[in-house]
Amino acid sequence: MKSYEVNFDGLVGPTHNYGGLSYGNVASQSNSQQSSNPKEAALQGLAKMKALMDMGFQQGVLAPQERPDVAALRRLGFAGSDAQVIQQAAKEAMPLLVASCSASSMWVANAATVSPSADTADGRVHFTAANLNCKYHRSIEHPTTSRVLGAMFANPQHFAHHAALPAVAQFGDEGAANHTRFCRAYGEAGVEFFVFGRSAFDTRYPAPQKYPARQTLEASQAVARLHGLREEGVVYAQQNPSVIDQGVFHNDVIAVGNGEVLFYHEDAFLETDNMLAELSSKLAKVGGKFQSVCVPRSAVTVDDAVRSYLFNSQLLSRPDGSMLLIVPEECRGNERVWQYLQGLTGAGGVIREVKVFDLKQSMQNGGGPACLRLRVALNETELAAVNPGVIMTAPLYDSLTQWVERHYRDRMTENDLADPQLLLECRGALDELTQILKLGAVYPFQIN
Ligand code: SUG
């Protein structure tokens with residue numbers, strides 16, 4: 001049976017703004033309070049989806065969330081009508097209003113961890129929504145994420161959904177941003193690679209000193225248990241704490257894998273040799289031949305990686321077995337990175353081509369091409385069971401583009417977030433979106 005990797009990209013929501021909300025994420029912190037352009041952000045994301053679809057890749061779309069999240073503000077004690085809640089928050093606690101307006105659900109690599117059916121004990125595709133509990137503005141995403149994923153992957157015969165892990169730092173879980181899967185073919189059993197930043201319960205593991213390690217070993221282990229993964233099909237590795245302290249807040253900022261290939265920076269992991277040996281031997285047991293492409297620090301520094309997002313790229317398999325790397329424009333702007341990429345594609349190895357995309361609106365908040373997509377490996381039967389409304393087609397691209405043009409503002413600052421009219425605009429837009437994507441009622445304003 002045929003199988004595919006389907007990339008579901010997050011559609012950027014109408015409140016996209018630079019709130020400076022993510023301590024440890026260099027771009028988010030350094031662009032804090034700049035004015036944003038939500039319309040441009042959404043169109044940049046849609047252009048990437050369209051381009052990948054046109055290249056022959058399977059592409060889907062994941063809906064944004066209801067923002068401002070008035071219900072979240074009510075839980076923090078703001079009361080009255082929706083407009084009063086927003087106005088009171090703006091007056092008394094602007095940072096909380098900003099957090100409740102974040103369009104951060106666009107980075108759907110953090111929406112969930114996904115295990116394909118070939119890896120799981122019950123032969124279904126498993127999803128665990130990420131609790132994202134390291135940052136308040138992201139911790140409020142998972143209930144709607146679960147409803148949206150449930151509406152996209154609704155058939156219980158093929159899809160199993162797990163609620164987010166307990167919302168405490170000890171089970172901090174950031175979803176697929178710290179998870180990669182290696183396999184010979186997408187429909188065959190593979191090796192799932194979980195990368196954590198610290199252990200919550202075992203003090204023998206080192207931890208970063210400056211910035212938070214968002215993912216714990218215990219969270220990764222819980223996800224592997226929930227999904228029914230075999231021990232032989234799982235490898236755990238620790239991120240190098242010193243790169244977290246240099247701004248590598250998720251592993252997908254310093255490594256990316258696909259098929260039998262891991263593309264990573266020399267400083268990404270601890271105990272790299274053991275980890276590579278384990279990946280290689282476990283992949284061999286399911287018939288695969290592991291390959292690693294290490295980028296030496298002498299060619300590209302960790303700082304270059306953080307600024308250019310070289311590793312936050314999409315590594316995609318082409319029909320001839322070679323791979324294509326989708327990188328952000330910032331890679332072309334960094335001389336060392338660009339030079340490295342020229343050498344890499346010219347060397348006759350597995351990565352043969354680089355394509356560059358302008359995702360600046362998202363990049364300025366620390367979200368590159370890989371952050372914007374959730375990968376779901378599906379066989380033909382499972383793909384046919386996905387809600388067809390969320391699979392990208394030329395007509396869907398046109399409808400979404402027109403929808404963005406109709407509803408999105410082209411400038412957003414903190415003052416705009418305090419405007420109660422914005423809430424009405426967003427709800428109107430999202431109500432229409434659920435009809436375009438055939439999701440049914442998924443937003444709090446639609447179900448309460
Ligand atoms: O969680 N930025 C996101 C970026 C997530 C990137 N995802 C992956 N690497 N997979 C984060 O730090 C910034 C929001 C703001 O500051 O307005 C933000 O949430």
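Residues numbered from 1 in each chain as written. Predicted model: local features only at pLDDT ≥ 70, side-chain atom pairs only at ≥ 80, totals over all residues. Heavy atoms only, no water.

**Q** Would you mind showing me how to read unusual backbone geometry here?
**A** Backbone geometry follows two general trends: most residues other than glycine have a negative phi, and most peptide bonds adopt the trans configuration. In this model, Arg 67 is joined to Pro 68 through a cis peptide bond whose omega is -5 degrees. Considering the arrangement of structural elements, one finds Pro 68 in the loop between strand E2 (59-62) and helix H3 (70-75). Positive phi, close to 50 degrees, is recorded for Glu 271, a residue that is not glycine. Topologically, Glu 271 is positioned in the loop between strand E10 (261-265) and helix H10 (272-285). The backbone of Lys 438 sits at a positive phi, close to 55 degrees, despite the residue not being glycine. In this fold, Lys 438 is placed in the loop between helix H18 (420-436) and helix H19 (444-447). (Helix = DSSP H or I, 4+ residues; strand = E, 2+ residues; numbered from the N terminus.)

**Q** Looking at this structure, I do not really get the site of the ligand. What am I missing?
**A** Near the ligand, the surroundings consist of 22 residues, among which Leu 21, Ser 22, His 137, Asp 252 and Cys 371 are the closest. The backbone of Leu 21 places a nitrogen or oxygen atom 2.8 Å from an oxygen atom of the ligand. Contact with the protein chains covers 100% of the free accessible surface of the ligand, which is 490 Å². A breakdown of the residues in the shell around the ligand according to their chemical character gives seven nonpolar, twelve polar and three charged. (Near = heavy atom within 4 Å. Polar contact = N/O pair within 3.5 Å; in protein donor to acceptor, adjacent residues only side chain to side chain. Areas by Shrake-Rupley, 256 points an atom, 1.4 Å probe, with all protein chains shown as cover. Nonpolar A, V, L, I, M, F, W, Y, C, P; charged D, E, K, R; others polar.)

**Q** How should a nonpolar patch on the surface be read in this particular structure?
**A** Taken together, Leu 76, Leu 96 and Tyr 136 make up a surface patch of nonpolar side chains, about 230 Å² in accessible area. Its relative accessible area of 41% is what places Leu 76 among the partly exposed residues. (Patch = residues over 30% accessible without salt bridge, like charges linked within 9 Å, V, L, I, M, F, W, Y side chains within 5 Å. Salt bridge = Lys/Arg side-chain N within 4 Å of Asp/Glu carboxyl O. Buried < 20%, exposed > 50% of the residue type's maximum accessible area, 1.4 Å probe, protein only.)

**Q** In this structure, what is going on with the nonpolar core? I would like to understand it.
**A** Nonpolar side chains in soluble globular proteins tend to end up buried together. One finds Phe 8, Phe 193, Leu 262, Phe 269 and Leu 400 to be the most contacted residues of the largest nonpolar core, which totals 85 residues. No other element matches the six residues that helix H2 (residues 38-54) contributes to this core. Listed in part, the 21 residues of the second largest apolar core include Val 293, Met 323, Tyr 340 and Ile 351. (Core = buried A, V, L, I, M, F, W, Y, C linked by side-chain atoms within 4.5 Å.)

**Q** Can you walk me through the side chain of His 179 in this structure?
**A** Of note, His 179 is situated in strand E6 (residues 179-182). At a separation of 2.7 Å, a polar atom in the side chain of His 179 contacts the side chain of Glu 192. Apart from residues no more than four positions distant in its own chain, His 179 is found in contact with Thr 113, Val 114, Glu 192, Phe 193, Phe 194 and Arg 375. (Contact = heavy atoms within 4.5 Å.)

**Q** How should I be thinking about the sheet that holds strand E8 (residues 234-238) in this particular structure?
**A** Sheet strands pair by backbone hydrogen bonding; their relative direction is either parallel or antiparallel. Reading across the sheet, the three strands line up as E6-E7-E8 and stay open at both edges, with mixed pairing between neighbours. With one partner strand each, in any of the chains shown, E6 and E8 form the two edges of the open sheet. With strand direction ignored, the average angle separating the axes of adjacent strands in the sheet is 20 degrees. When E6 meets strand E7 (residues 191-196), the two strands line up antiparallel, connected through four bridges. Following the sheet pairing, Phe 182 is matched in E7 by Val 191. Sitting on the sheet, helix H8 (residues 217-226) is in contact with E7 and E8, with an inclination near 155 degrees to E7. Of the strands in this sheet, E6, E7 and E8 touch H10, which is tilted by about 170 degrees from E8. (Pairing = 2+ DSSP bridges. Axes fitted to C-alpha atoms, helices over the stretch in contact; angles between N-to-C directions.)

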